[in-house]
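A closer look at the structure
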Amino acid sequence: MNTIDKSRQRVFHLMLLLPVIALFIFGYVPLFGIIIAFKDYQPGLGFFKSTWVGLENFRTIAILPDFMPALRNTLVIAVFKVIGNLIFPVIFALMLNELRIKWFKKTVQTITYLPYFLSWVVLGGILLDFLSTGNTPSDSGFLNTILMKMGLTDTPINFLGNKDLFPSTVVVSDIWKHFGYNTIVFLAALTNINPSLYEAASIDGAGRWKQTWHVTLPGIAPIIILMTVLSIGNILNAGFEQIFVLYSPSVYETGDIIDTLVYRLGLVNQQFSLSAAVGLFKSIVSGILILVSYKLAEKYAGYRVF
Amino acid sequence: MLAKNLSVSRKLFIIGNALLIIIITLACLIPIINLLARSFSGSHAIIENRVKLLPVDFTVQAYSQVMNNSDFWTALLVSVKRVLLGVPINMLLTILAAYPLSKSNHIFRARKYYSFYFIFLMVFNGGLIPTYLVVSNLGLIDTIWSLILPGAVPIFNVILIMNFFRGLPEELEESAMLDGASQWTILWRIFLPLSKPSIATVALFSMIMHWNSWFDGLIYSNFTSNYPLQSYLQTLVVDIQSKLLSGDLESIADTMNVNDINLKAAQIFISIIPLCAIYPFMQRYFTEGLTLGSVKG
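Residues numbered from 1 in each chain as written. Chains lettered and ligands numbered in written order. Predicted model: local features only at pLDDT ≥ 70, side-chain atom pairs only at ≥ 80, totals over all residues.

Notes on the overall build of chain A
When you go through chain A residue by residue, the secondary structure sums to 14 helices and two strands. At 25 Å, chain A has a C-alpha radius of gyration far larger than the 19 Å of a compact globule built from 306 residues. Dimensions of chain A along its principal axes, counting C-alpha atoms only, are 80 × 75 × 30 Å. Per-residue burial over chain A gives 40% buried out of 306 residues. Put simply, 66% of the contacts in chain A that link residues at least 6 apart link residues at least 24 apart. (Helix = DSSP H or I, 4+ residues; strand = E, 2+ residues; numbered from the N terminus. Rg over C-alpha atoms; globule rule 2.2 N^0.38 Å. Buried ≥ 20, exposed ≤ 12 C-beta atoms within 10 Å, placed from the backbone. Contact = placed C-beta atoms within 7 Å.)

Digging into the confidence of the model for chain B
Residues and elements named next belong to chain B. With 87% of its residues at a pLDDT of at least 70, chain B reaches an overall mean of 84. The lowest-confidence element of chain B is helix α14 (residues 249-255), averaging 50 in pLDDT; the highest-confidence one is helix α7 (residues 145-148), averaging 96. Within the model, the stretch residues 292-297 combines pLDDT values under 50 with 14 contacts to residues more than four positions away or in other chains. ipTM for the predicted complex: 0.87, alongside a pTM of 0.88. (pLDDT = per-residue confidence, 0-100.)

Re the interface of chain B and chain A
With 79 residues of chain B at the contact, the number on the chain A side is 77 residues. Broken down by element, the side of chain B that touches chain A gets its largest block of residues, 13 residues, from helix α1 (residues 8-39) of chain B. Classifying every residue of the side of chain B that touches chain A gives 50 nonpolar, 22 polar and seven charged. (Nonpolar A, V, L, I, M, F, W, Y, C, P; charged D, E, K, R; others polar.)

Side note on the packing of helix α5 (residues 102-113) of chain A against α1(B)
Remark: α5(A) packs on α1(B), axes separated minimally by 8 Å, with the N-to-C direction vectors making an angle of 35°. Considering how the two elements wind past one another, α5(A) and α1(B) form a crossing that is left-handed. Contacts between α5(A) and α1(B) involve V108(A), I111(A) and T112(A) from the first element and I21(B), T25(B), C28(B) and L29(B) from the second. Within the contact of α5(A) with α1(B), the residues separate by chemical class into five nonpolar, two polar and no charged. (Axes fitted to C-alpha atoms, helices over the stretch in contact; angles between N-to-C directions. Left-handed = near helix turned anticlockwise from the far one by under 90°.)

Some points on the environment of R38(B)
Relative to the elements of secondary structure, R38(B) occurs in helix α1. The spatial distance from the C-alpha of R38(B) to the C-alpha of T59(B) is 9.9 Å, given a sequence separation of 21 residues. Leaving out residues up to four positions away in the same chain, R38(B) has contacts with D129(A), I46(B), V51(B), N262(B) and A265(B).

Some points on helix α4 (residues 67-97) of chain A
Compared with an ideal rise of 1.5 Å per residue, which puts 31 residues at 45 Å, α4(A) spans 45 Å between its outermost C-alpha atoms and is within 8% of the ideal. Where α4(A) is concerned, the buried positions are A70(A), N73(A), T74(A), I77(A), A78(A), K81(A), N85(A), P89(A), V90(A), F92(A), A93(A) and L96(A). As for α4(A), its buried residues are in contact with α5, α8 (166-191), α10 (208-231), α12 (252-255) and α13 (258-268) of chain A together with α1 of chain B. (Expected span 1.5 Å × (residues − 1).)

What about the nonpolar core?
In this structure, A276(A), V278(A), A97(B), A98(B), Y99(B), V158(B) and I161(B) are the most contacted members of the largest nonpolar core, which totals 113 residues. Per element, the largest residue contribution to this core is 11 residues, and it comes from helix α4 (residues 70-102) of chain B. Not counting residues up to four positions away in its chain, the partners in contact with I161(B) are T94(B), I95(B), A98(B), S195(B), S198(B), I199(B) and V202(B). With 22 residues, the next largest nonpolar core counts F92(A), V185(A), I220(A) and I223(A) among its residues. (Core = buried A, V, L, I, M, F, W, Y, C linked by C-beta atoms within 7 Å.)

Details of the confidence of the model for chain A
Averaged over chain A, the pLDDT score is 89; the fraction of residues at 70 or greater is 99%. Averaged pLDDT values for the elements of chain A fall to 79 in helix α2 (residues 46-49) of chain A and rise to 94 in α4(A).

Overview of unusual backbone geometry
Residue and element names in this part refer to chain B. Here D57, not a glycine, exhibits a phi torsion of approximately 50°, which is positive. Mapping D57 onto the fold places it in the loop between α2 (43-47) and α3 (61-67). The partly exposed category is assigned to D57, around which 14 C-beta atoms lie within 10 Å. Non-glycine residue D142 carries a positive phi angle of around 70°. Along the chain, the position of D142 falls in the loop between α6 (128-137) and α7.

Overview of the environment of R304(A)
The residue R304(A) is located in the segment after α14 (272-301) in this model. When the C-alpha atoms of R304(A) and A70(A) are compared, they prove to be 33 Å apart, with 234 residues separating the residues in sequence.

What follows is the structure, encoded as structure tokens:
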């Protein structure tokens, strides 16, 4: 039995060999590479020979005029996304749950999932035309044409180029992409509610709204709490790909986020060390938030991630 | 279940609810229909923005132009290659990692060290620049491997499959072991056939991820000929956008051939055909797979 067990342990190690190597090279080596945040990295000198500068890069960031706005924009956009991406799917799941016609429900689901499966490049390409202001009001995009016809606005609204509107456009289009798909989890929870609870409630004289309030919502509350808690880790993720596709210099003031700043500093301006330092800041804060959210999820929702 | 004598307010609610759902659904669909209509419209109708939900001055000119656009086909080929290589590698490594990790600490004694190794990377990562430097120092820039190897082990998918494996009855494995089956046989002959729905789900997600990724193609390629399709589309989309938003109208008119707009729509539309074609059929699987993996208490 002992030899069988030994060989079994060996097989397990063997199976994990390739995944562990791949994660080492592309996960752990970059983690060690974070050292460059404390160096003045010169591509010609490489990791080891570049001079050590301690916390110099972090001091530079603190006085970098772009950093604080980027941090603020990140938090604002991410918080509204987290809230919207919880509330809308829950409401939509409740609405779908009221539907009794199966094919209708299924068609609606198939269509509303669609944007989730398209990349931000495709959605960006669609949105840029759809929200366009055009050269003159008469040739503005679909949405502005409709809004003007309905008399809601006289001139086309510059959803993407106006710095006051840009964050809202980002949040709404993100909800547009995700709400259908995010509904799945809540719908699954809704169908798991014991039907006898509804019967009991209606015998006690509860109407539909009361049943929703006292049976349905408490029934899906655990999953809502779980999703809220797990989204804490995303508070510094405002959605790099989306903003990268949609933003432009005229909206940097309200639309530039940490990740786009890291990209511009590092890959456009070639300031590797400075960029890595901003990245390290984000990685540490996010990491702590993720750990906290996992702990909370385990404590209050009994959910173990691993 | 519904009573025959529905109250008026209940009827109103049902109708209002259905109407609202239809409006929301249309909001998801209209931008895409608008895109499709533009791709089939004449260039003048597009530049004047007369195209709404149906093509104006119907033409397939844009599509025939795409057929002759070698940049498009080169990029499409890179994407196909990426999916064909990337998905099997993702799946192999995911399954190889998920199986041992699905065993209890008691059966696989080193499990807790490995799970720490995996979960640590879910929490902390090196970030953009260090990862870029690793890929570049390994000489992977401008190769297909730069698009495949950095994401070769999707840890979230490992967790999904691991959770599914855990849900399978232990007796299956015990009886197979009594018959002298090795761990490889148990994985290959028992676990995999039983996990088809969740494996299909994860394979679908891996495929979509590879098809949709564009940022890695953008930073890991020096030559546009190495761009996957989505990175190629990104250059089309963003170039035009930055000109539009800077309000430099003359340069738009100069640099942008009128045809480019419906050409862009046609290319974007072709790029989403594979996704639109597959996912409705996989819907059953991914709903199943997702809820199985993630909502387990």
